[in-house]
Amino acid sequence: MATGNQPGMEAAGGPAACYRELSQFPAITRAALGAAAGGQTFLLYTECSRPDLPRRRLLRFSRHYSVRRTDGGGLAASGTALSAGIHNQLLSQDSPTGQHRAVLSRCPRQGHELLEVWDSGGRSHSVDLTALGKHGEVYTEGPFACLAWSQSETRLLYVAEKGRPKHRPPCPWDVPRAARSTEEDEDEEGEQFLYHEDWGEALSTRSVPILCVLDLESSSLSVLEGIPEHLSPGQALWSPGDRGVVFVGWWHEPFRLGLNACSNRRSEIFHLDLSSGCCELLSAENGAACSPRLSPDGQRLLYLEGAVGGPHRQCLRLCMLTWQTRQTVTVLDVVQEPTEGEHSTVGRAGCCQGAETLPSQMPTTPSALAQHSAPLVAFAGLYTEVLPPRCWAADSRRAVLSTPQRSRTDLLLVDTEAATVTNLTAGSPEGCWELLTLQWDLLVATCSAPHHPPSLVVAVLPPAGQELPLRWVPVEDTPTVPGVTWKTLTVRPSCSGQSPAAHDTQDFEALLLSPLDGTAPHPLIVCPHGGPHAVFDARWRPSMAALCRLGFAVLLGECWGARGCVVLCPTGDMAPTAPISPVNYRGSLGFGQASISSLLSRVGEQDVADTQLAVEQALHSEPLDPHRLALLAGSHGAFIALHLLIREPERYQACALRGPVSNLPALLGTSDIPDWRYTSLGLPYSFERVPRAEEVATMLLRSPIAQAAQVRTPVLLCVGARDRRVSPTQALELYRLLRARGVPARLLWYPEGGHALTGVETEADVFKNCARWLLQHLGQPRQDRTGQHSP
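Residues numbered from 1 in each chain as written. Predicted model: local features only at pLDDT ≥ 70, side-chain atom pairs only at ≥ 80, totals over all residues. Heavy atoms only, no water.

Enquirer: Even after reading the chapter, I still don't get the packing of aromatic side chains, so can you show me in this structure?
Expert: Given two aromatic rings, one states the distance between the centres and the angle between the planes to describe the pair. A complete count under the given rule lists 11 aromatic pairs for this structure. Look at Phe-144 and Trp-250: their rings are 4.9 Å apart centre to centre, the planes differ by 70°, and that puts the pair in the edge-to-face class. Taken together, the residues Phe-144 in the loop between helix H2 (129–132) and strand E11 (147–149) and Trp-250 in strand E16 (residues 244–251) connect sequence positions 106 residues apart. Like Phe-144, the residue Trp-250 is buried in the burial classification. Between Tyr-678 and Tyr-685, the aromatic rings sit 5.9 Å apart at their centres with planes inclined by 40°, giving tilted as the arrangement. Residue classification places Tyr-678 among the buried residues on the basis of a relative accessible area of 3%. Aromatic ring contacts, followed pair by pair, group Tyr-139, Phe-144, Trp-199 and Trp-250 into a single cluster. In this arrangement the basic side chain of Arg-266 is found over the ring face of Trp-251, its NZ or CZ atom lying 3.5 Å from the centre. (Phe/Tyr/Trp six-rings, centres within 6.5 Å; stacked < 30°, edge-to-face > 60°. Helix = DSSP H or I, 4+ residues; strand = E, 2+ residues; numbered from the N terminus. Buried < 20%, exposed > 50% of the residue type's maximum accessible area, 1.4 Å probe, protein only. Lys NZ or Arg CZ within 6 Å of the ring centre and 35° of its normal.)

This is the structure we're talking about:
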């Protein structure tokens, strides 16, 4: 169990005040290193963000540090300047030498996109991309986006939307001399209202991406040709010697399926030779490849690859291509079930292929380093869909990445020659580690825990075979939040039948966050995650910490042996009114592909049973109030929550849902991922498939709407009008049915909201309303003798 017990952060006021206080800790979104003269001192640049609630926007700023190698082989870090605000910036990238920085920004007056280059002497280049008219908006986020420097540092590569001709307004025929030529009319006839496909949820403005190159020496902009028309390119980088471009090509024929949070779409790695115009396939045909990363010596290309179709997120394999020979090998394969000895041994680093003990070192205070021994663990597979932009060590042999491992997200070091994995952070008290950059064998990372906001740390990567223990040095250390404690619960399903299948006996985990006010028993908020193939790791989430600070417990769940879906409860989902119990049922990421696959054909059954089992165990083993339970969930998690309300109408006193899935067959024609409706029931999918009557009937029987008459619990519904994944009409249909039957129900409709209901103002409003709803139906928190809120 980890606890936060530093004084000085009392919750002043109610849920809104507590949320406002805890949301002020910044998230570190990017880092870059620059080497100073002599190679012993490095300049560290970071970009951070946090909500600016009064102004209803995201506050972005930069920080600068100096990192120096010490005589003993360690590091010393210090801040070198005050934080500086970042305004109108859309994207930035440092050159390979760190001498230049490319910045894409938007002019606040005209709305034009400007691409500028800065160096030690100030701004050296500025190009108005919009004025050139070669393309539409530049892609600044999402799966396609990139901004890549050539090795010569004279050209920049990026992705933008293909330009479309602007249609003129209708001609006022009754005005003299207003008529246009017949040729213009014929060219535009029938085109003005032509439907253009896009890539679905969160990508509604992304339709036809193109690769663009800006030549800084000539200030010329060109659109690359030679990419097959059936491919949508993205994630591009320069090939060795700047002779070509490596990119990911997503197939968009016969039509586009939603790409956000879907690693199962057909995509392959290609090389476009700039001299010949030849486009060469580098990865396996008919695969789902992504995230190519070239080694420092230009000889090896690392990338991730999964299967096409099936679960929308999955365990991926790590592949490596030797550039000269074009030979590809699988460095790390898909892990079906993590077992000791399944892979080769990983020295004393443990975590992978042989699973030995994993000692790890990290700072617990700014002035001390403490060693933590990790338990005996096995490598659980790779689940990240994006490798760090700079993940290679200087030897071009080892790479570092972060990925879920059970209820944690750890840093793994992969030796591409030995095909072994070393867990660099297992056993540390922080449950989530993310690599920001690896340059000159200096690791820059963030670490956090449910009671500990993100801290910025650095470490030297030792030579191969000597990686552990790492000595992490804090650069920006944040204090733990008092009044919060957390631990991991292991849940084992009961065996069913004489010879239970493997998925029937897999354990799963739940993270339990509890207040330290000593006023138990606490009410419990249960949070089954969405996805369903997702992960809820032990990272910092302001909303969950706010719940504990207000006197409530929070339960987050993960699958053990088949990483139970860790609950994905965005800030706006967490209402500060009771212990929240996000449950990671079997089918979640992080514990093997077999666990993910076990949920197929069993949605609405296995996930619901696992969630309820986790609740029963928590009530049995922890000081929780069994008469004050609530549900808080979104998307597929809301689907589970509704099933729980139907199964036990009197069990839960309140329920708050975001973007709920309630009517499965209705999603066939309204969701950007109609394939999931078939896959979830264990049925094959094809683009030309037409639903059969018996399949629609099966979907309806698995849908909560079919039995919604059993619901008695007050329900709050929060939906985004622009949700492309789960149509908001699902919530509207449910809302009307509940109201007609006299069940207390409230519907919040966010006109600009998507499926995730993101944005500073939206997240804060969802949190506030969920908190009020749960407080109303679970009871107001009371104050103990210390002044802390307690239910």
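From this point, the narrative continues.
Enquirer: What exactly am I supposed to notice about the sheet that holds strand E8 (residues 101–106) here?
Expert: The pairing of strands in a sheet happens through backbone hydrogen bonds and is either parallel or antiparallel. Across the sheet, 4 strands lie side by side as E7-E8-E9-E10; this open sheet has antiparallel pairing. The open sheet has two edge strands with one neighbour each: strand E7 (89–94) and strand E10 (122–128). Across the sheet, the mean angle separating the axes of adjacent strands is 20° when strand polarity is ignored. Two elements, strand E9 (residues 113–119) and E10, share 6 bridges in a ladder whose sense is antiparallel. Its bridge partner being in E10, Trp-118 is matched across the sheet by Arg-123. (Pairing = 2+ DSSP bridges. Axes fitted to C-alpha atoms, helices over the stretch in contact; angles between N-to-C directions.)

Enquirer: Would you explain the sheet that holds strand E12 (residues 155–161) in this entry?
Expert: If you trace the 4 strands from one edge of the open sheet to the other, you get E11-E12-E13-E14, paired in antiparallel fashion. Single-partner strands in this sheet number two, and they are E11 and strand E14 (220–223). Sheet twist, expressed as the mean angle between neighbouring strand axes with direction ignored, is 25°. Pairing of strand E13 (residues 209–215) with E14 involves 4 bridges; the strand directions are antiparallel. By the bridge assignment for E14, Cys-212 is matched with Val-223.

Enquirer: So what exactly am I meant to see when it comes to the environment of Val-246 here?
Expert: The residue Val-246 is located in strand E16 in this model. The exposure class of Val-246 is buried, given its relative accessible area of 1%. Once the C-alpha coordinates of Val-246 and Leu-301 are considered, the two residues, 55 residues apart in sequence, prove to be 9.6 Å apart. Sequence-distant contacts of Val-246, defined by excluding residues within four places in its chain, comprise Gln-235, Ala-236, Leu-237, Ser-239, Ile-269, Phe-270, His-271, Leu-282, Pro-292, Leu-301 and Trp-323. (Contact = heavy atoms within 4.5 Å.)

Enquirer: It is not clear to me how the nonpolar core should be interpreted in this structure. Could you clarify?
Expert: Inside soluble globular proteins, nonpolar side chains tend to come together where they are buried. Counting residues in each nonpolar core, the largest one holds 57 residues, and the members touching the most others are Leu-524, Leu-631, Leu-645, Tyr-652, Leu-657 and Val-715. The biggest single contributor to this core is helix H8 (residues 636–647), with 8 residues. Among all residues touching Leu-645, those that are not within four sequence positions of it are Leu-631, Tyr-652, Cys-655, Gln-710, Val-711, Thr-713 and Val-715. Core analysis: the next-biggest nonpolar cluster, separate from the first, contains 41 residues, Trp-540, Ala-545, Leu-550 and Trp-773 among them. (Core = buried A, V, L, I, M, F, W, Y, C linked by side-chain atoms within 4.5 Å.)

Enquirer: Would you mind showing me how to read the state of the cysteines here?
Expert: Joining two cysteines, a disulfide is a covalent bond between their sulfur atoms. The full count for this structure, using the stated rule, is 0 disulfides. Between Cys-770, a cysteine without a disulfide, and Cys-718, which holds the nearest cysteine sulfur, the sulfur-to-sulfur distance is 4.3 Å. Overall, Cys-770 belongs to the buried group, its relative accessible area being 3%. (Disulfide = S-S within 2.5 Å.)

Enquirer: Sorry, what's going on with the pairing of strand E25 (residues 398–405) here?
Expert: Taken across its 8 residues, E25 has 8 buried, putting it largely inside the fold. Examined bridge by bridge, E25 and strand E26 (residues 408–415) share 8 bridges and lie antiparallel to one another. Across the sheet, Gln-405 pairs through a bridge with Arg-408, a residue of E26. Between E25 and E26, which follow one another and run antiparallel, lie 2 residues, and Arg-406 among them has a positive phi close to 60°.

Enquirer: How should I be thinking about the pattern of salt bridges in this particular structure?
Expert: Where charged atoms from two side chains of opposite charge come close, those side chains can pair. One pass over the full model with this rule turns up 38 salt bridges. Between Asp-52 and Arg-57 there is a salt bridge; the shortest N-O distance is 3.7 Å. Taking relative accessible area as the criterion, Asp-52 reaches 7% and is therefore assigned buried. Take Arg-57: its relative accessible area is 35%, and that puts it in the partly exposed class. Taken together, the shared-partner salt bridges in this structure form one network comprising Arg-30, Glu-47, Arg-60, Asp-94 and Arg-101. (Salt bridge = Lys/Arg side-chain N within 4 Å of Asp/Glu carboxyl O.)

Enquirer: Teacher, can you tell me more about unusual backbone geometry here?
Expert: The general pattern is negative phi for most residues beyond glycine and trans for most peptide bonds. With omega at 0°, the peptide bond leading from Glu-253 into Pro-254 counts as cis. Tracing the sequence through the fold places Pro-254 in the loop between E16 and strand E17 (267–273). A cis geometry characterises the amide bond from Gly-531 onward to Pro-532, with omega recorded as 5°. You can see Pro-532 is positioned in the loop between strand E34 (522–528) and helix H5 (542–549). Notably, Ser-396 is not glycine yet its phi reads approximately 55°, a positive angle.

Enquirer: Whenever I open this one, the packing of helix H1 (residues 15–22) against H5 confuses me. Can you help?
Expert: When two helices pack together, their arrangement is given by the angle between their axes and by how far apart the axes lie. One can describe the packing of H1 onto H5 by two numbers: an axis separation of 9 Å at closest approach and a directional angle of 130°. Taken together, H1 and H5 sit at an angle that is classed as oblique. Crossing geometry of H1 relative to H5 is assigned as right-handed. The residues of H5 that touch H1, namely those facing Cys-18, Tyr-19, Glu-21 and Leu-22, are Pro-542, Ala-545, Ala-546 and Arg-549. When the residues that make up the contact of H1 with H5 are grouped by side-chain class, the tally is 6 nonpolar, no polar and 2 charged. (Parallel < 35°, antiparallel > 145°, perpendicular 65-115°, else oblique. Left-handed = near helix turned anticlockwise from the far one by under 90°. Nonpolar A, V, L, I, M, F, W, Y, C, P; charged D, E, K, R; others polar.)

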